[in-house]
Amino acid sequence: MSRRDDLWSVWREGVDRRALFISKEAVEDKPWEGARELEEIDAKGPILFVGITAGLSAPFVAGQLDLCLRHPDHYVPVLMGFNPTHQARCDSIENWDKSFRDVASLVEDAEKDGKAVVLNPIVGPDTVAGSSRMKSGSVTKILLEVLFLLAMKGELKSSLDSILRYYEEVHRSFYSLAAEPLAKAISLCGQSLLSSRHIYYIGQSTNGILGLIDASECPPTYGATTDDIRGFLLGGYDEFGNKDGDLVELTGLSVYKISEDYFLYHILPACHEEDTIVLIQSVTPELSAVVRRSCCHVVEIQISESSEPVNDGSDSSDRSVRMHFDLCDPSAFVADQVALDTQRALHGSAHHQRQSLRKLYGRPQSQ
């Protein structure tokens, strides 16, 4: 095992990826569950543990930090959040002897002795009430990448400056250059939900997984059902690469069906003109063509990058980012022969739909 594999093996083996489909909200209220899951990780110390809770309030994280503080020879706890520690939640945690503020104070005390760290840049409130996946989510990602970059120093080519410049470029491209089509895409998605219809994400690799994550957070945060917003991943579980494999076989729940085949042969035929499908970067041309010729609203997001060397003595480069939103409105449907064939395929019997779509898509359906 290489040094890099040894460094990251705990993260790979310890993660429960079912939470990427169905958010595990109830567990967040049980500090002892957090401590138990951390204790179950079989790894030699010292372990750098980063507990992330945007509002300094999650009991699950409090339990993990408390465990770390009680075993300073084995853990180095890092509390990451985006409130001042004196504003951490002070309500008593049910069936536990501490509040989150108590734990935050203990972490601060340990920090004075060099045995813990508090990372809590104050970013201000998010625009959407109840959501911590905006400013706090972005800052969490930046902080973690900085930590990982420092931990892997000598093995990664990117410099800290190049990472921060990249985020600035993404922000500029996303909010300045793509603001109008982004607003239209959000409007289409909003219309779908207001019409009691659906939003479907489908993408490849990390982009597809981001769709799964966003869909999983909508039920607990906004009261959506698991059918209102769903994500699908090109390659399904082979691409996902989780330890448990196909979670449908493990649980029997259809919410875990994530392959593009399931989307194509079971979801797409039942789609309505008020549904919105979001294609996220690098879907296959065949899939894009079939989806765009359905009766739904389609938002296709493409991100292009270019790199130029940076003269800072490192091997890093400046990356330029361009985001392109392509919106397809079913009212502007082009009635060519392929479009007509697709429409017929999507409006026949279930058996005829699947047979026709297999022919259009160019390959057999997998399970």
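Since the structure is predicted, the reported quantities are computational estimates derived from the model, not experimental observations. (Residues numbered from 1 in each chain as written. Predicted model: local features only at pLDDT ≥ 70, side-chain atom pairs only at ≥ 80, totals over all residues. Heavy atoms only, no water.)

J.: Report on the side chain of Asp 275, specifying residues and quantitative values.
T.: With respect to the helices, strands and loops of the structure, Asp 275 is situated in the loop between α11 (260-267) and β6 (276-280). Among the polar contacts listed, one links the side chain of Asp 275 to the side chain of Arg 197, at a separation of 3.2 Å. A polar atom in the side chain of Asp 275 sits 2.8 Å from the backbone nitrogen of His 198. For Asp 275, the residues in contact, after removing those within four places along its chain, are Ser 192, Arg 197, His 198, Tyr 200, Cys 296 and His 297. (Helix = DSSP H or I, 4+ residues; strand = E, 2+ residues; numbered from the N terminus. Polar contact = N/O pair within 3.5 Å; in protein donor to acceptor, adjacent residues only side chain to side chain. Contact = heavy atoms within 4.5 Å.)

J.: An account of helix α2 (residues 31-39) is needed here, citing residue identities and associated values.
T.: Every α-helix carries 3.6 residues per turn, so stepping three or four residues along brings you back to the same face. Regarding α2, the residues found buried are Pro 31, Gly 34, Ala 35 and Leu 38. Along the axis of α2, the buried residues cluster in a sector spanning 95 degrees; they form a single face. Looking at the buried residues of α2, the elements they touch are β1 (47-52), α3 (59-70) and β2 (75-80). (Buried < 20%, exposed > 50% of the residue type's maximum accessible area, 1.4 Å probe, protein only. Arc of directions from axis to C-beta.)

J.: Give me the lowdown on the sheet that holds β2, citing residues and values where you can.
T.: Reading across from one edge, β1-β2-β3 is the order of the 3 strands in this open sheet, with parallel pairing throughout. Only two strands of the sheet have a single neighbouring strand rather than two, namely β1 and β3 (117-119). When strand polarity is set aside, the average angle formed by the axes of neighbouring strands in this sheet is 20 degrees. Both β1 and β2 contribute to a ladder of 6 bridges, which runs parallel. (Pairing = 2+ DSSP bridges. Axes fitted to C-alpha atoms, helices over the stretch in contact; angles between N-to-C directions.)

J.: Give a detailed account of the pattern of salt bridges, specifying residues and quantitative values.
T.: Inspection of the entire model under this criterion finds 10 salt bridges. Of the charged contacts, one joins Glu 33 and Arg 36 as a salt bridge, the two residues approaching to 2.6 Å between their closest N and O atoms. Separated by 3 residues within a single helix, Glu 33 and Arg 36 lie in helix α2, roughly one turn from each other. Ionic pairing is found between Asp 275 and Arg 197, a salt bridge with its closest N-O pair at 3.2 Å. In this pair, Asp 275 is assigned in the loop between α11 and β6 and Arg 197 in the loop between α7 (179-194) and β4 (199-203), connecting sequence segments 78 residues apart. Here the salt bridges do not stand alone but share partners, grouping Asp 66, Arg 70, Asp 97 and Lys 98 into one network. (Salt bridge = Lys/Arg side-chain N within 4 Å of Asp/Glu carboxyl O.)

J.: Residue-level account of the environment of Gln 302, with values.
T.: The residue Gln 302 is located in strand β7 (residues 297-309) in this model. Gln 302 sits in the partly exposed class, given a relative accessible area of 28%. Between the C-alpha atoms of Gln 302 and Ile 280, which are 22 residues apart in sequence, the distance is 6.8 Å. A distance of 3.4 Å separates a polar atom in the side chain of Gln 302 from a polar atom in the side chain of Glu 300.

J.: How would you explain unusual backbone geometry if you had to name every residue and give the values?
T.: Phi at Asn 95 is positive, roughly 60 degrees, even though this residue is not glycine. Examined against the element boundaries, Asn 95 turns out to sit in the loop between β2 and α4 (100-112).

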